[in-house]
Amino acid sequence: MTQNYSILFDLDGTLVDTAPDLMNAHNHVMKKYGYPTKSTEDIRNLVGQGAGAMIGRSIWGQAKKEFGKIDDQKIKDEMVKDFINFYGKNIIKESTLINGVKKFLKWCKEKEISMAVCTNKQEHLAIDLLKKIGIYDYFEYVAGSNTFDYCKPDPRHITSIIEIIGGDVKRSLMFGDSETDANAAKAASIPLILLENGYTEKNSSEIYHNHLIKDFIGVEKIVSTYLKDWFNFFSYY
């Protein structure tokens, strides 16, 4: 039995522009606890490693002295909880699909490509977002930051998903937008298609990738080259 080709997708900044709703949740928490708010562009630089990391980086970057005077872990946990509660209730107020996503997902289905989501967003939030924005049914599996005992940039976040959906690392690739995705993909030895201007402070040139795209328009051409290469390779063997 020939195993299907597999594609894994990051979520925030890759499939969906979630920054506006993340900003609203972030600023709700910041106002509640007396810290400065941030703009949507600021949030894009903080997303990628989950809610806890985002809140922590925001706090320590803006109010390190003040934050250091309190029981930081307890307050951080409370802030993360408040963030997740608020965000969960307002998860799709302003979030939108990245241009060309749905058309590309339909194309992948037609090609019988197995697809899954590998995100550092909490699993229940990821599933809820995918359902409400109308693309959940395209995916065979959704893994969040709390699905396993590890998450990106740990490559096992990727390889475990590929195993679960019955794929093959040698017949897989990933779409992502940050160094978190890139480092995980590189360690898992799979190609990465990087969306430029992602949710990261780094420039695209500083991040490992095999292809750089601005959205999903015309991405079928790139993926088709992989399909051809894999078909030729496995036909030979």
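(A) The confidence of the model for the protein, seen in detail. When pLDDT is averaged along the protein, the result is 87; 86% of the residues meet or exceed 70. Every residue in residues 63-70 scores below 50 in pLDDT, and together they form twelve contacts with partners more than four places removed in sequence or on other chains. Long-range and interchain partners of residues 233-237, a stretch whose pLDDT sits below 50, account for two contacts in this model, where long-range means more than four residues apart.

(B) Examining the side chain of Ser172 more closely. Looking at the secondary structure, you find Ser172 in strand S6 (residues 172-176). Here Asp168 takes part through its backbone oxygen, which lies 2.7 Å from a polar atom of the side chain of Ser172.

(C) Region of interest: the pattern of salt bridges. Per the counting criterion, the structure on display carries six salt bridges. Residue Asp10 pairs with Lys152 through a salt bridge whose shortest N-O separation is 2.9 Å. With Asp10 in the loop between strand S1 (6-9) and strand S2 (16-17) and Lys152 in the loop between strand S5 (141-143) and helix H8 (156-164), this residue pair connects regions lying 142 residues apart in the sequence. A salt bridge links Lys121 to Asp12; the shortest N-O distance between them is 2.7 Å.

(D) Expanded view of unusual backbone geometry. Following Lys152, the chain continues to Pro153 via a peptide bond in cis, the omega torsion being 15°. Relative to the helices and strands, Pro153 resides in the loop between S5 and H8. Positive phi, normally seen in glycine, also occurs at Glu112, with a value near 60°. If you trace the backbone, Glu112 turns up in the loop between helix H6 (101-110) and strand S4 (114-118). A positive phi angle, close to 60°, is found at Ser189, a residue other than glycine. You can see Ser189 is positioned in the loop between helix H9 (179-187) and strand S7 (192-195). Ser189 gets classed as exposed once you look at its relative accessible area, which sits at 60%.

(E) Structural context of the environment of Pro191. Position of Pro191 relative to the elements: it lies in the loop between H9 and S7. Placed 22 residues apart in sequence, Pro191 and Val169 show a C-alpha to C-alpha distance of 9.9 Å.

(F) Structural view of helix H1 (residues 19-33). A rise of 1.5 Å per residue sets the reference length of H1, with its 15 residues, at 21 Å; its end C-alpha atoms lie 21 Å apart and thus fit the reference within 8%. Positioned one or two residues after H1, Gly34 has a phi angle of 80°, which is positive.

(G) Expanded view of the pairing of S6. Across the five residues that make up S6, a large majority, five, are buried. Of the two faces of S6, both are covered, the one formed by Ser172, Met174 and Gly176 as well as the one formed by Leu173 and Phe175. As paired elements, S1 and S6 share four bridges and run parallel to each other. Each bridged residue has a counterpart across the sheet, and for Ser6 the counterpart in S6 is Ser172. Both S6 and S7 contribute to a ladder of three bridges, which runs parallel. In the strand pairing of S7, Met174 is matched with Leu192. Assessed by its sense of winding, the connection that carries the chain from S6 through H9 to S7 is right-handed.

Basis of the calculations
- Residues numbered from 1 in each chain as written.
- Predicted model: local features only at pLDDT ≥ 70, side-chain atom pairs only at ≥ 80, totals over all residues.
- Heavy atoms only, no water.
- pLDDT = per-residue confidence, 0-100.
- Contact = heavy atoms within 4.5 Å.
- Helix = DSSP H or I, 4+ residues; strand = E, 2+ residues; numbered from the N terminus.
- Polar contact = N/O pair within 3.5 Å; in protein donor to acceptor, adjacent residues only side chain to side chain.
- Salt bridge = Lys/Arg side-chain N within 4 Å of Asp/Glu carboxyl O.
- Buried < 20%, exposed > 50% of the residue type's maximum accessible area, 1.4 Å probe, protein only.
- Expected span 1.5 Å × (residues − 1).
- Pairing = 2+ DSSP bridges.
- Right-handed = clockwise from strand over helix to strand, strands pointing away.

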